[in-house]
Amino acid sequence: MRKVITGIVVVLMLVLAACATRATKTFSVTVSPYSMQYTPGQINDYLRVRGYQRVKFKDDDSGVIVYQKYSAESDEQHFRLKTHPQIEVVVRLEKIRYTLGKSEPRVIVWFNEDGRDSLSEFARAEYDRLLESVIERVGANRVDVWTD
């Protein structure tokens, strides 16, 4: 029993350490349920035009290295800024949300910078540009900025 508890504590500490070395900002965008099948491709095209490239990442569930994770509940993609590869954007399309009230599908965007506990000036400006362009494209009423 002690080994199990020790293992759990070690895993939690590793997760906290990983979170502490990554500065993050987050926002979400409400998506139309009628065009969800096109959303992952639109996200890829949208970020590619803005200087990001899609990168492989490890799917935590299967352990496989993938470009995009698909499931019935969500799709996930990871992108890196070509000029500053320490800046990563993780985009998850939540198709099915478990809430008490009626909920629309949404895209959650995590903007982060590796190895920092707060965003650099450049990263903060890049986040602001990305958020502003998303708001301009879809409307402020569909974007929800999360406080970290």
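Nothing here was measured: the structure is a model prediction, and the numbers come from that model. (Residues numbered from 1 in each chain as written. Predicted model: local features only at pLDDT ≥ 70, side-chain atom pairs only at ≥ 80, totals over all residues. Heavy atoms only, no water.)

1. A look at the overall build of the chain
Phase 1: Helix and strand content of the chain: 3 helices and 9 strands.
Phase 2: Reading the helices (α) and strands (β) of the chain from amino to carboxyl end gives α-β-α-β-β-β-β-β-β-β-α-β.
Phase 3: Once local pairs closer than 6 in sequence are excluded, the contacts in the chain between residues at least 24 apart make up 57%.
Phase 4: Carbon together with sulfur atoms contributes 56% to the accessible area of the chain, which is approximately 9700 Å² in total. (Helix = DSSP H or I, 4+ residues; strand = E, 2+ residues; numbered from the N terminus. Contact = heavy atoms within 4.5 Å. Areas by Shrake-Rupley, 256 points an atom, 1.4 Å probe, with all protein chains shown as cover.)

2. Considering the pairing of strand E7 (residues 87-94)
Phase 1: In terms of burial, E7 is largely enclosed, as 7 of its 8 residues are buried.
Phase 2: Across 7 bridges, the pairing between strand E6 (residues 74-81) and E7 is antiparallel. Bridged to Phe-79 within E7 is Val-89.
Phase 3: Where E7 and strand E8 (residues 106-114) come together, 8 bridges link them in antiparallel fashion. Pairing of Glu-88 across the sheet is with Asn-112, part of E8. (Buried < 20%, exposed > 50% of the residue type's maximum accessible area, 1.4 Å probe, protein only. Pairing = 2+ DSSP bridges.)

3. What to know about the pattern of salt bridges
Phase 1: Applying the stated criterion across every chain, the model contains 10 salt bridges.
Phase 2: In this structure, Lys-69 and Asp-59 form a salt bridge, with 3.2 Å as the shortest nitrogen-oxygen distance. Highlighted residues: Lys-69 in strand E5 (residues 68-70) and Asp-59 in the loop between strand E3 (57-58) and strand E4 (65-66), separated in sequence by 10 residues.
Phase 3: Since its relative accessible area comes to 21%, Lys-69 is described here as partly exposed.
Phase 4: Residue classification places Asp-59 among the buried residues on the basis of a relative accessible area of 10%.
Phase 5: For Arg-106, the salt bridge is made with Glu-94, and the minimal N-O distance between the two is 2.7 Å. Remark: Glu-94 occurs in strand E7 and Arg-106 occurs in strand E8; sequence separation between them is 12 residues.
Phase 6: Overlapping salt bridges bring together Asp-59, Asp-61 and Lys-69 as one network. (Salt bridge = Lys/Arg side-chain N within 4 Å of Asp/Glu carboxyl O.)

4. A closer look at the confidence of the model for the chain
Phase 1: Mean pLDDT over the chain stands at 83; residues scoring 70 or higher make up 83%.
Phase 2: Here helix H1 (residues 2-20) stands out as the least confident element of the chain, with mean pLDDT 42; strand E2 (residues 52-55) is the most confident, with 96.
Phase 3: Segment residues 3-21 is flagged for pLDDT under 50; beyond a separation of four residues in sequence, or across chains, it makes 6 contacts in the model. (pLDDT = per-residue confidence, 0-100.)

5. Topic: the nonpolar core
Phase 1: Membership of the largest hydrophobic core comes to 25 residues, with the highest contact counts inside it found for Val-89 and Phe-111.
Phase 2: Elements with a contribution of two residues or more to this core: strand E1 (22-30), helix H2 (39-49), E6, E7, E8 and helix H3 (121-138).
Phase 3: When residues in this core are grouped by element, the largest group, 5 residues, is from H3.
Phase 4: Residue contacts for Val-89: discarding those within four places in its chain leaves Leu-47, Tyr-52, Gln-77, His-78, Phe-79, Val-109, Trp-110, Phe-111 and Leu-130. (Core = buried A, V, L, I, M, F, W, Y, C linked by side-chain atoms within 4.5 Å.)

6. Quick look at the side chain of Ser-28
Phase 1: Here Ser-28 is to be found in strand E1.
Phase 2: Take Ser-28: its relative accessible area is 5%, and that puts it in the buried class.
Phase 3: At 3.4 Å, the side chain of Ser-28 forms a polar contact with the side chain of Trp-146.
Phase 4: Filtering out sequence-adjacent residues up to four positions away, Ser-28 remains in contact with Arg-106, Val-107, Ile-108, Arg-142, Val-143, Asp-144 and Trp-146. (Polar contact = N/O pair within 3.5 Å; in protein donor to acceptor, adjacent residues only side chain to side chain.)

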